[in-house]
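Examining the three-dimensional arrangement
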Amino acid sequence: MALNYDDIVEKFERYIFNTYTRQPIAIKRARGAVVTDVNGKEYIDCVAGIAVNNVGHCHPAVVEAIKKQAEQLIHVSNLYYTEQQALLAEELVKLTGMDRVFFCNSGAEAVEGALKLARKATGKKEFIAAEHAFHGRTRGALSVTHKEKYRKPFEPLAPAVFVPYNDADAISAALNKDTAGVILEPIQGEGGVVIPSNEYLKEVREICDENQTLLILDEVQTGFGRTGKWFAKEHSGIKGDITTIAKAMGGGFPMGAMLGSEDVAVKFERGDHASTFGGNAISCAAALANIDVIKKEGLVKRSEELGAYLIRKLEGLNKDYVKEIRGKGLMVGMELSIKCDDIVNIARERGVLLNCTSESVLRFVPPLTITEEQLDKAVSVLDEI
Ligand SMILES: Cc1ncc(COP(=O)(O)O)c(C=O)c1O
């Protein structure tokens, strides 16, 4: 028997931890860039499960790969070798330019691995992170996440200092002999789609090299074509010593990874780190199919083109409450002079799913497969509002 909206919400309120503010709809199915709720109402999805469904919801190739893999092998743990992990690791190394992969299941877990690896590889303890950075909610990842409200109840956390984003001098000034690494998002996502200059990451790269400190690039949100490149670091032409990825990696299937350059990766020895599910056969099969779709459908280029199209459309709107529109590829933020919660609510009622971050930034991270017509519809709803 299918539950209706009220039944579902009642069970959530009765049985689930009260940690999320949820929108008042229950989603039943989704295809491409369209999501359908339990009442049959359709929405154009400009959220994509928070920058996850880059190839669109339930892409047939990803669904097929999951089904096929499920019939053969679901899980065996990392006590054994599997073909799927081997193939995916090779593919990721080629795509990122890194040397080795550690598989896990989420963004925060990838960041945990990165912090542990940097600590072990350098023997140093502290991290430098950026103001407004978001790296996840587990305790290590939280220690380099900036928002006071998220951190305060869980202190003491691991040692970290926060410096202004897009300011390489601030990193130089904050470095000391115990700095293990600098962790940065190449474009800040939760912090409000903040885009640094291309020179910023180049300068930080040089500073880290001069000070024997590792550069950790958190590409959890910016990876897999989201910003019009496979990975956002390509906008600056640099490489991190460690890179974290997750979100769009598995075409909607939960998955994450940490990648390291050879000299750093070798510092993790047998027993230093582990994950029961990391690199699980189904998630690897989903990720391989996902990467294949991004390549075959030219979604990286499409993200670049549609992102520019969306920005042009948004710039054509009434500017009364608009402070700034910024973006790279289909990672676009429209900063308002008012809070954006009400706009998100009205847009949803009118059939468009939007996300508000940092209180006043409307964040557009739709599937990279979204059509111009669907984007037009979303922008026209915003125009009415
Ligand atoms: C840059 C970045 N790092 C890490 C995370 C944490 O990922 P997860 O929610 O999968 O733990 C996020 C999530 O939004 C993120 O945007």
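As a reminder, the structure under discussion sits directly above these lines.
Residues numbered from 1 in each chain as written. Predicted model: local features only at pLDDT ≥ 70, side-chain atom pairs only at ≥ 80, totals over all residues.

**Thoughts on the packing of helix H3 (residues 60-72) against helix H11 (residues 281-296)**
Quick note on the threshold: A fitted line through C-alpha atoms represents every axis, and for helices the fit uses only the stretch in contact; the resulting angles, taken between N-to-C directions, go from 0 to 180 degrees. Starting at the N terminus, helices and strands are each numbered in turn, a helix being any DSSP run of H or I of at least four residues and a strand any DSSP run of E of at least two. Oblique is the label for any angle not under 35 degrees, not over 145, and not in the 65 to 115 range, which are roughly parallel, roughly antiparallel and roughly perpendicular in turn. Note on convention: the crossing is left-handed when the near helix lies turned anticlockwise from the far helix by less than a right angle, right-handed when the turn is clockwise. We call two residues in contact when their backbone-placed C-beta atoms lie within 7 Å. Side-chain classes follow a simple rule in which Ala, Val, Leu, Ile, Met, Phe, Trp, Tyr, Cys and Pro form the nonpolar group, Asp, Glu, Lys and Arg form the charged group, and the remainder, Gly included, forms the polar group.
The N-to-C vectors of H3 and H11 enclose an angle of 155 degrees; their axes lie 8 Å apart at closest approach. As far as their axial angle goes, H11 and H3 are roughly antiparallel. For H3 against H11, the interelement crossing comes out right-handed. Listed contacts from H11 to Ala 61, Val 62, Ala 65, Ile 66, Gln 69 and Ala 70 of H3 are Ala 281, Ile 282, Ala 285, Ala 286, Leu 288, Ala 289, Asn 290, Asp 292 and Val 293. The residue inventory of the contact of H3 with H11, partitioned by class, reads 12 nonpolar, two polar and one charged.

**Observations regarding helix H12 (residues 299-315)**
We apply this condition: For a helix, the expected span equals 1.5 Å multiplied by the residue count minus one. To sort residues by burial, count the other C-beta atoms lying within 10 Å of each one's C-beta; a count of 20 or more means buried, 12 or fewer means exposed, and anything in between means partly exposed. C-beta atoms are built from the backbone. By definition, the arc is the one covered by directions from the helix axis to the C-beta atoms.
Compared with the 24 Å implied by 1.5 Å per residue over 17 residues, the 23 Å span of H12 between its first and last C-alpha is a close match. Listed in full, the buried residues belonging to H12 are Leu 299, Val 300, Ser 303, Leu 306, Gly 307, Leu 310 and Leu 314. An end-on view of H12 places all buried positions within 120 degrees of arc, on one side of the element. Residues of H12 that are exposed and angled more than 90 degrees away from the buried face: Arg 312 and Glu 315. Buried residues along H12 sit against H11, strand E11 (322-328), strand E12 (331-336), strand E15 (361-364) and helix H14 (372-384).

**Quick word on unusual backbone geometry**
In this model, Glu 155 is joined to Pro 156 through a cis peptide bond whose omega is 5 degrees. Along the chain, the position of Pro 156 falls in the loop between helix H7 (148-151) and strand E6 (160-163). One non-glycine residue, Ser 77, lies in the positive phi region at around 85 degrees. Mapped onto the fold, Ser 77 is located in the loop between H3 and helix H4 (83-96). Here the phi dihedral of Asn 166 falls at roughly 65 degrees; this positive angle occurs in a residue that is not glycine. Here Asn 166 is to be found in the loop between E6 and helix H8 (168-174).

**Things to note about the site of the ligand**
What counts is decided by this rule: Any residue qualifies as near a molecule or strand once its backbone-derived C-beta atom lies within 6 Å of it.
Every one of the 14 residues lining the ligand counts as a neighbour, but Gly 107, Ala 108, Gly 136, Val 220 and Gln 221 are closest to it. Sorting elements by how many residues they give to the shell around the ligand places helix H5 (residues 107-122) first, with three residues. For the shell around the ligand, the residue count by class is five nonpolar, six polar and three charged.

**Regarding the packing of H12 against H14**
A pair of packed helices is characterised by two quantities: the angle between their axes and the separation of those axes. Look at H12 against H14: their axes get within 10 Å of each other, and the N-to-C directions meet at 25 degrees. When the interaxial angle is binned, H12 and H14 end up roughly parallel. In this structure, the crossing between H12 and H14 has a hand that is right-handed. Contacts between H12 and H14 involve Leu 306, Tyr 309, Leu 310, Lys 313 and Leu 314 from the first element and Glu 372, Leu 375, Asp 376 and Val 379 from the second. Of the residues contributing to the contact of H12 with H14, the split by class is six nonpolar, no polar and three charged.

**Focus: the sheet that holds strand E3 (residues 42-45)**
Where we set the bar: Should DSSP find at least two bridges between two strands, the strands are regarded as paired.
Ordered by their spatial adjacency, four strands build an open sheet running E1-E2-E3-E13, and the pairing between neighbours is mixed. The sheet is open, and its two edges are formed by strand E1 (27-31) and strand E13 (352-353), each paired on a single side. Inspection of the sheet shows E3 paired to E13 by two bridges, in the parallel sense. Bridge assignment links Ile 44 to a residue of E13, and that residue is Val 352.

**Considerations on the pairing of strand E9 (residues 242-245)**
Side chains Ile 242 and Thr 244 of E9 all project onto a buried face; the interleaved residues Thr 243 and Ile 245 project onto the opposite face, where all are buried too. Of the pairings in the sheet, the one linking strand E8 (residues 214-218) to E9 comprises three bridges and is parallel in character. From the neighbouring strand, Leu 217 faces E9, where its bridge partner is Thr 243. Pairing geometry for E9 and strand E10 (residues 256-260), over four bridges, is antiparallel. Within E10, the residue paired with Ile 245 across the bridge is Ala 257.

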